[in-house]
Structures are given as C-alpha cells and as structure tokens.
Amino acid sequence: MSQQGYVATPPYSQSQPGIGLSPPHYGHYVDPSHAGSPPGMMKPAGPLGAAVPGGMLPQGPSPPGPHQFGQNGAHAQGHPPQRFPGPPPVNSAASSYAPYSPSTQSSYPSPASTSSITQLGSQLNAMHINSYGSGMAPPGQGPPGPPPAPSFQGPTRPPQPSIMQPGSQVLPPPPTTLNGPGASPLPPSTHRQDGFPGPAPLNTQYQPPPLPGQSLGTGYPPQQANYGPQMAGGQLSYPGGFPGGPAQMAGPPQLQKKLDPDSIPSPIQVIENDRATRGGQVYATNTRGQVPPLVTTDCVIQDQGSASPRYIRCTTYCFPCTSDMAKQAQIPLAAVIKPFATVPSNETPLYLVNHGENGPVRCNRCKAYMCPFMQFIEGGRRYQCGFCNCVNDVPPFYFQHLDHIGRRLDHYEKPELSLGSYEYVATLDYCRKNKPPNPPAFIFMIDVSYSNIKNGLVKLICEELKTVLEKLPKEEQEETSAIRVGFITYNKVLHFFNVKSNLAQPQMMVVTDVGEVFVPLLDGFLVNYQESQSVIHNLLDQIPEMFADSNENETVFAPVIQAGMEALKAADCPGKLFIFHSSLPTAEAPGKLKNRDDKKLINTDKEKILFQPQTNVYDALAKDCVAHGCCVTLFLFPSQYVDVASLGLVPHLTGGTLYKYNNFQMHMDSQQFLNDLRNDIEKKIGFDAIMRVRTSTGFRATDFFGGIFMNNTTDVEMAAIDCDKAVTVEFKHDDKLGEDSGALIQCAVLYTTVGGQRRLRIHNLGLNCSSQLADLYKSCETDALINFFAKSAFKAVLYQPLKVIREILVNQTAHMLACYRKNCASPSAASQLILPDSMKVLPVYMNCLLKNCVLLSRPEISTDERAYQRQLVMTMGVADSQLFFYPQLLPIHTLDIKSTTLPAAIRCSEARLSEEGIFLLANGLNMFLWLGVSSPPELIQGIFNVPSFAHVNTDMIFS
C-alpha cells in the first residue's frame, strides 16, 4: 500500500534518473587497514587465509579470536565478524558494522543502480541548515540560518504532500570539510597504488551526475542518459545538486540555489504538535508495538504489561520480518535502555517481588525471567516461554489455577505477570561467593597539589563534604545510610586517613611507593559517617591547613584509583571513588602521561589517536575496577591540557561520570561544581551490576554502546549504574520474525542496592513485526535514531578517520530516505526530497550531529573538550541526546514577567536571532545568554541591574 511522506519541493522542475537501490554498504565503521580489496581484485592471503571480495564479509563464522570480543561491543558467535582479524585497538571495542573503506573500493556496484542514493546524499550534504548542535560556536558566528518553517501535519493526521516555494539564488557556499570545494562539477578520480582508479573522498564527491553524453572520468564507464518521466509539480533544488535541462546546458552555468529554509520541517513544530496531541494524557503500555510520545512531551505513563518508554526507547517499534528487509531499509534496529531512569512522583515506582529462598521463576532453556509474555497451559501446571517457546513446569510454590480465558487467577496480584517493569529480591545464588554483599562505600580522593591549595579548591571541597555527607543515599525504609566513607589526599604520594570514631584526632599514613600501592590500614579507613562525624569534620578542617605550605605541583593518577580499588577489595564491598583532580599526571608512576596535544593531527588520518588513551595502564585498571565493583567519578579542574581521553577512560568504563570545569574560578564556577557534587552523591544508583538483554527467537543483541565493560558476548558489566546512564543495544536478525508473535525484549540487571541488598531489575518490551516497509518507517523514532547514530559514530572515532565517519552517516541517511521514497511513497520526481512522517526532522538532526565538535575538526576546539563530549554522549539517554544535539533557543525578551511559564522555543538557527532580542541557548550541558546590541534597556536593567547593553559584565554568572 503506497504511503505519501513529507514532500519538500524545489524551485524548478527537472527530470532525473530513476530510482535504483544498491546492496547496502552503509554504516560500516572499521579500520581501513582491514578493508577488503575492490571487486575483481584478489586480496593477498591474510589472517583469514582466503581472498575476499571487496566490501564483502566471508561466509560463515570466523574462528573465535580477540577480534570478536570487545569490552564495549562483543558479538555472538555464529554471526559474521564485524571486522577482519587483527591486533585489537587499545580499547578493543568491536564495531557494530561490516567493513567500509572508500579509499580502497567503491560502495556502489554501478553508477546507474545507485542514482537515487547519490542524489539524496548530495541533497543531504548540501543542506546548509544552521542548526546549532553542541560543540558549535555561540550564536553570532557562522553563516545565516533558515527563517521560520511553515506549519505541517501533526502525528495524528495522515502525511500529505507539501509544496514549498523556491529559495533565493545565492553564491556557492565556501569550501568546508562537510560540503567540499563545491566548484568542480565532477569529482577528481583518485588512484591507488595498484594503478586502478578509485573514487574520490565522499566529502568532495557529492556532486551532480554528468550531463547526457558527458564522461564520468577515468575508471568509470560512460553513463547513458537514463532520465525518468517528468513528474507533475515543483521539485527541490540543492546546491551542488542536479544538472538542469537543455536550457541550462547552453550558456554559462547558473548559480547554485540555496535550499529554501521554509521547505525544511521544523523540529520545534514537530515537538509542539506532539505535545498538543499527547501532552498531559495517560499513556498506557498495554498495546504491543505502539509508538510512545516524544521524549519532549510531558505525559503520565501507566505500566500495563510493557516497560515504560522512560526505561526503553527503540529506533523503530516495528521490526522487519526478515534480514533482507532490514538490509534494504538500512534502518538500525536498536533500543536505548535506561534501567534506573527517574520516575516522576505521579507514576508508580517499581514493585519488589520476593519469592524467598525459591528465587525468581525462570525458563529452563533461555533463562528468561517470569514476565507477561509467558503463556500458562495445562490448567496452570506448565507455561510456555515467550522467548524460546520452551514448555516449563510451574514450580509447586508458584502454582495457580487459570480462568476461562487461560489467565491465572492471581494475574493482577503479581507484578511479574501484569507489569512490564519490576524487581526481584535475589537469592544467594546471585551473589559473589554465594554470600550477601556488604553495603557499598564512598571514598573521597582530593588532589592537594600547589595549584589546588592556592586557588581555594581544596578548602571548598572540604567545606562542602561536611554538607553532602549528611545526604548519603539510603534505602527508602531506613533512617540512616548504610554507606561507609573514607578519605585520601594525594600529590606525588598518597595520604590515607584513619577516622575511627574513638579517635580524638584523625591519623594520617603516607604511602610513598606509588608503583606498588597498598592500603596501610583497614580498621578506621572506611567508617560509618554518623558514628565518626566529629572526627571526619575535624579532618576536613585540617586538610587545607595541613598542605598550605606545600609546593608540590606534580601529581599521580593511576595509583590513586589503584589505592581506592584496593581499599574496597580489602573491605570486600563495592563502592565509588570521588576523585578531585586538576592536572596532567606527570610524576613518575604507573599511568604517567605526557602532553600530546598536537594540532597538526587535526584533519588527518591520525586524528583518531587523540581520542585513544596514551597507555594501556588505564584500560587494565578499568577492567580490575569493574571486576571488584569499583566505580570512579572524576571531577576535573584543568587549566591546560590534561588528556581527557586517557584520564576519562576509567570513569567511562566503570559506569562513573566525568565532570570538567575549565579554568576553574571560585566566584564563577563553584556553584555549578557544588550542585554537580550534591546531585552525584544523592542520585539513584546500583553497584556491581551485570546486565543481560534477552530476545525472542529470530533476532539477538549484537552490539552495545555505553559506559560498560564486556568480557564475553552477552554480559554487560558495570561497576555501577545510575539514573542518568543509558546503554544502547543494536539487534540483528538470525532468522525470520513472525508478525503474530512479534519481537520480544527482556533486559535484566543484577545489582547491589545502597543498603547492600542484591536485586534483579527486569524490563520487558514487545514490538511488532511486519513484512511491509511502510510499517517499519511509520513506527520509527527519530530521537532514538540520532542517539544510536551518535554513539556508533563516536565509538568509531577511535579507529576511523572522521571524514569517513561523516560520509557513512550521510550515506546511510540517504539510503534510508531513498528506500522509503522507492517502496512507500507515491511516484514523484527523482529530485524531490520525500521524508517519512516519522523522520521529518531526521536530516536536520543528522546535520546537528555532523556539526558536533567530535566529528567536525576545528583547531579552536580543544582536544580535551572533544574527548569530554564524546564520552558524555556515549552514556546519554534519548532525552539528553535530543537536547544536546538540538538545543533549546528561548526568546527571553518575549517572556511575560507575570507568568511562570517560559516562552515557547524557536528554531535553533542564527537567523532567528535579532538585534532587539535576548535569547537563551541551552543544551543540557551549557547555557548561553545572547544579547542583541539593541536589546531594550528595561530588560537589560531587569536582568543585569545595569542601565544599558554597554555596561553588561560578560563575566557575570547566574545560579
């Protein structure tokens, strides 16, 4: 059944080659050194011992080896390997894609078969949408953006074609790393060392097909004019886009036409439409495969058998029935799982199920936990697993009779039978060494080097700790927290403190052997805060004075983490290290780093080195920390380069958080730091966690992205996981899926609570399956897609040149849209950009991702900032990534001072800024206040308490 999508129409009409889709070669992040040879060439015998056609993977599974197992993305055996065997990179994170190497092969079998994808790639690459993503320069810099977009159909109305007016003629855009030179009508041909011509880099190759009779250049066969019939209606023209008709062939070439901004769907309008139709309503999860409200829509979620979208969001809620369909559409099949997501007070918290010594009821074959997808049969004596179809006996303690429709009489009395999310109390079988875990501990580790003492940071931290220690997290029914605390200070050496409650004064023990760190005391190091409060306060008062005369500027870092982990290991408990650090660790010790901030590597193939850790020490240290349930959270206060890519690796892989305050100034940044510290200590968190994602037959989880560590292909290990962390999981087919049975997902997280209880948190979700591509596109969620694309791209920057990654993103987006127009939309001119209703804003969001400072190399952005943002995004949930890549732009000057509501957001573009206005830009990480030079004086007076724009102090901060 044909379905018409959102149609953006160009200023003039033209005929174009017909649609033709090539076999998919998109989204293939892999080390170029492992890429295949071009078609027709024989690859020399390598690790696989066989010649492999370029761009194709060998048939069948390869022998198990290190290339199959990555700490952040292991793959199940029996699937084609994700990369060719070879020495694993530093992080040994496996890629989720098959090899792709534009430098050695063409991704397209023939020019004629891929005209639509090339055109769409050209269209997308030529979109000059000035949508500020994170990492962009503040408003006021860069080219002008689009004016307001017209209104368009909301999600509840069938999408209709929209005809837009042409934009004005403009000169070609200046050359950039995204749009290429933009001058040559044909890409130059590149030559490999073997003498065979190869394609030019794609970022300079998104140019129009040649005119009829024109040569395609060396190495390409002549292409005949294969233009389809002329379609009625206007079509959309793009810069660097398509050749004109005969009238354009004569005379000088016409100026490129800039994309009409009004033809681009507005994310703000999409958000507002969803809020208007679904905001404030109750969203019940009792229908399989239904698409939830957008993350920006405030609603009440009622669990009626499937997990709340606060816990799980999918890129599409209707999976294709076959792998061929999935390859045809190239839409990633993924879920963004946030197991500990915060639930609003007006929604029901998770129920806790306790079966005592019997423990949770599980399937004997696949080990899935009892859930609403289990079907009870034979009068309730047996049940059939919804995941593997195995028939199991019901344990005697769990037996219950069935009613007239085959449902247990206690169906609504048991959370595990009627709800999508719930918790189990775990038995000793789920505990380390089969004994109950001890409550976790928090260890505070303060850098007392010269600079931190002189700028007052150490004193600020010590004063604040007195307050936050009063608010340590605790079980809901408990009056006090069971968490124990300990304290370490350090510079070139480590200082451990004994704060036992019966001491009059704290005692300090110094460890100078940082090469072989040990814990000098056990009794008195980790203590109950309430019992040792006076001694702890005494210590916190003394620390700034104790090191006031220190001139030591060199610091260590890896030994600090090692010491904290050894202390938790000796106490036989999980825990969290809070490290307050400010400089590059240059002291002679394991993990010593050097300054490698080399701007010459930017925009080269070696740029990826800047995102990799300098040494293997931190990778090994992270593995040990995860094995012992030691989470690391790092507060960084750098005044110069500190190598975030290396220092941030352990916090990232252990489920911790990295906070960074550049050039920390007490009067400007202290409030933000203190808020972050308080929130981090008080947030909901689980320790020593293992996550397993199970699926019904026909597909399986193949790749994982997040602050995780993986020692095998299935278990996602996390030293801790909190309410802000999300894990993105990609799925692949291993068989056909049935439309009747659907696709089922169960996420189980085994963890230790702050009170020391071992629990299982279960989230279940049912998705539809369809053999119609239209159903697949109709059920997509753009916000989740961008989350997946961002994480897969940011993971790939460790191994791939950024240019290649950007090309892949554009290519895959073009392929997804080309597949839709060919198979789902009504016939239209090949030059029209037709967007599925669920993907109206995908090109805009993708453009924001491409502009992020991680993927777009710019010398003025520090290497540390790029590494920091990369790590930040890797653990984001859908709501956080949506705001991060498409920030809110609020016109403050339209605010009604008598109202408590914020003004409506406007499209995030420089063109929306005006000299008479005041605008607030917020992306969840930073906030910028933009002042127009002609801002009303009364507004300036009200906000800054100064008479005019000229008197505004740009160093002023707001809290």
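Described below are features of the structure shown in this document. (Residues numbered from 1 in each chain as written. Predicted model: local features only at pLDDT ≥ 70, side-chain atom pairs only at ≥ 80, totals over all residues. Heavy atoms only, no water.)

### Structural notes on the pattern of salt bridges
Phase 1 of the analysis: If you walk through the whole model with that rule in mind, you get 32 salt bridges.
Phase 2 of the analysis: A salt bridge links Lys-683 to Asp-680; its shortest N-O distance comes to 3.6 Å. An identical accessibility class is assigned to Lys-683 and Asp-680; each is buried.
Phase 3 of the analysis: A salt bridge links Asp-703 to Lys-795, with the shortest nitrogen-to-oxygen separation between them at 3.2 Å. Taken as a pair, Asp-703 in strand β23 (residues 699-705) and Lys-795 in helix α15 (residues 782-796) lie far apart in primary sequence, 92 residues in all.
Phase 4 of the analysis: Using a relative accessible area of 4% as the deciding quantity, one classes Lys-795 as buried.
Phase 5 of the analysis: Sharing partners across several salt bridges, the network here consists of Lys-576, Asp-680, Lys-683, Asp-722, Asp-724 and Lys-725. (Salt bridge = Lys/Arg side-chain N within 4 Å of Asp/Glu carboxyl O. Buried < 20%, exposed > 50% of the residue type's maximum accessible area, 1.4 Å probe, protein only. Helix = DSSP H or I, 4+ residues; strand = E, 2+ residues; numbered from the N terminus.)

### Comments concerning a nonpolar patch on the surface
Phase 1 of the analysis: On the surface, Met-508, Val-510 and Met-546 cluster together into a nonpolar patch covering about 240 Å² of accessible area.
Phase 2 of the analysis: With respect to the element layout, Met-546 can be found in helix α8 (residues 533-546). (Patch = residues over 30% accessible without salt bridge, like charges linked within 9 Å, V, L, I, M, F, W, Y side chains within 5 Å. Areas by Shrake-Rupley, 256 points an atom, 1.4 Å probe, with all protein chains shown as cover.)

### Describing the side chain of Thr-813
Phase 1 of the analysis: Here Thr-813 shows up in helix α16 (residues 802-823).
Phase 2 of the analysis: Here Leu-809 takes part through its backbone oxygen, which lies 2.8 Å from a polar atom of the side chain of Thr-813. (Polar contact = N/O pair within 3.5 Å; in protein donor to acceptor, adjacent residues only side chain to side chain.)

### Some points on the sheet that holds strand β31 (residues 927-931)
Phase 1 of the analysis: One open sheet accounts for three strands, arranged β29-β30-β31; its pairing is antiparallel. Looking at the sheet topology across the chains shown, the edges are occupied by β29 (888-891) and β31. The mean inter-strand angle of the sheet, taken between neighbouring strand axes irrespective of direction, is 20 degrees.
Phase 2 of the analysis: Note: strand β30 (residues 918-922) against β31, five bridges, orientation antiparallel. By the bridge assignment, Leu-920 is partnered in β31 with Leu-929. (Pairing = 2+ DSSP bridges. Axes fitted to C-alpha atoms, helices over the stretch in contact; angles between N-to-C directions.)

### As for the environment of Val-797
Phase 1 of the analysis: Inspection of the secondary structure puts Val-797 in the loop between α15 and α16.
Phase 2 of the analysis: Between the C-alpha atoms of Val-797 and Val-854, which are 57 residues apart in sequence, the distance is 8.4 Å.
Phase 3 of the analysis: Those residues within four positions of Val-797 in sequence are excluded, and the remaining contacts are Lys-608, Phe-611, Leu-802, Ile-805, Val-854, Leu-855 and Arg-870. (Contact = heavy atoms within 4.5 Å.)

### Details of the side chain of Glu-475
Phase 1 of the analysis: Positionally, Glu-475 belongs in the loop between α7 (457-468) and β15 (484-490).
Phase 2 of the analysis: For the buried residue Glu-475, which engages in no salt bridge, the nearest side chain bearing the opposite charge is Arg-759, 4.1 Å off.
Phase 3 of the analysis: Within polar-contact distance, the side chain of Glu-475 engages the side chain of Thr-753 at 2.5 Å.
Phase 4 of the analysis: Of the polar contacts made by the side chain of Glu-475, one reaches the backbone nitrogen of Gly-755; its length is 3.2 Å. (Lys, Arg positive; Asp, Glu negative; His and termini not counted.)

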